[in-house]
Amino acid sequence: DGYSSMWTRIGDIVSVNGSLRVSQTSDDQNTELEISLPISATISNESDCSGGASNGESNIDGRIFGGTSSNTAFLRFLSDGSLIDMSFYFKYEIK
């Protein structure tokens, strides 16, 4: 439905941004989504990948951090039990 992501690489730093739609089934629950990295990297610490996400209509904000066991990014936010569109961004270093 028109949701897309883009990424750029400058040297060893990759920047990713995009949008997504999340359908949540209950409110006041921590929701976590896994996002694949466009270029493979070893994520040794959660802080090796960092960023955020936001939905301006519902005032829902999320945190993006690195998945050390999966070498992916994770988006975590507190759900309100509704269907929401979110914009996100994160950066990581290729190691």
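Here's a quick rundown of the structure. (Residues numbered from 1 in each chain as written. Predicted model: local features only at pLDDT ≥ 70, side-chain atom pairs only at ≥ 80, totals over all residues. Heavy atoms only, no water.)

**Topic: the nonpolar core**
And then number 1: Among the nonpolar cores identified, the biggest contains 22 residues, and Ile64, Leu75, Met86, Phe90 and Tyr92 are the most heavily contacted of them.
And then number 2: Contributions of two or more residues to this core are made by β2 (13-23), β4 (49-55), β5 (60-67), β6 (72-80) and β7 (83-93).
And then number 3: Among the elements that line this core, the one with the most residues is β7, at five residues.
And then number 4: When residues no more than four places from it in sequence are discounted, the contact partners of Met86 are Gly18, Ser19, Leu20, Ala53, Ser54, Asn55, Ile60, Gly62, Leu75 and Phe77. (Core = buried A, V, L, I, M, F, W, Y, C linked by side-chain atoms within 4.5 Å. Buried < 20%, exposed > 50% of the residue type's maximum accessible area, 1.4 Å probe, protein only. Helix = DSSP H or I, 4+ residues; strand = E, 2+ residues; numbered from the N terminus. Contact = heavy atoms within 4.5 Å.)

**Quick notes on the pairing of β4**
And then number 1: Judged from the six bridges that link them, β4 and β7 form a sheet pairing that is antiparallel. From the neighbouring strand, Ala53 faces β7, where its bridge partner is Phe88.
And then number 2: Bridge count between β4 and β5: six bridges; the pairing is antiparallel. Bridged to Gly51 within β5 is Ile64.
And then number 3: Connecting β4 to the antiparallel partner β5 that follows it, the hairpin turn spans four residues, and Asn59 within it adopts a positive phi of roughly 55°. (Pairing = 2+ DSSP bridges.)

**Digging into the packing of aromatic side chains**
And then number 1: Tallied over the entire structure, the rule returns three aromatic pairs.
And then number 2: With 6.3 Å between their ring centres and 20° between their planes, Phe88 and Phe90 make a pair best called stacked. Judged on exposure class, the residue Phe88 and its partner Phe90 are both buried.
And then number 3: An angle of 25° between the planes, with centres 6.3 Å apart, marks the rings of Phe90 and Tyr92 as stacked.
And then number 4: Here the aromatic residues Phe88, Phe90 and Tyr92 are joined through ring pairs into a cluster of three or more. (Phe/Tyr/Trp six-rings, centres within 6.5 Å; stacked < 30°, edge-to-face > 60°.)

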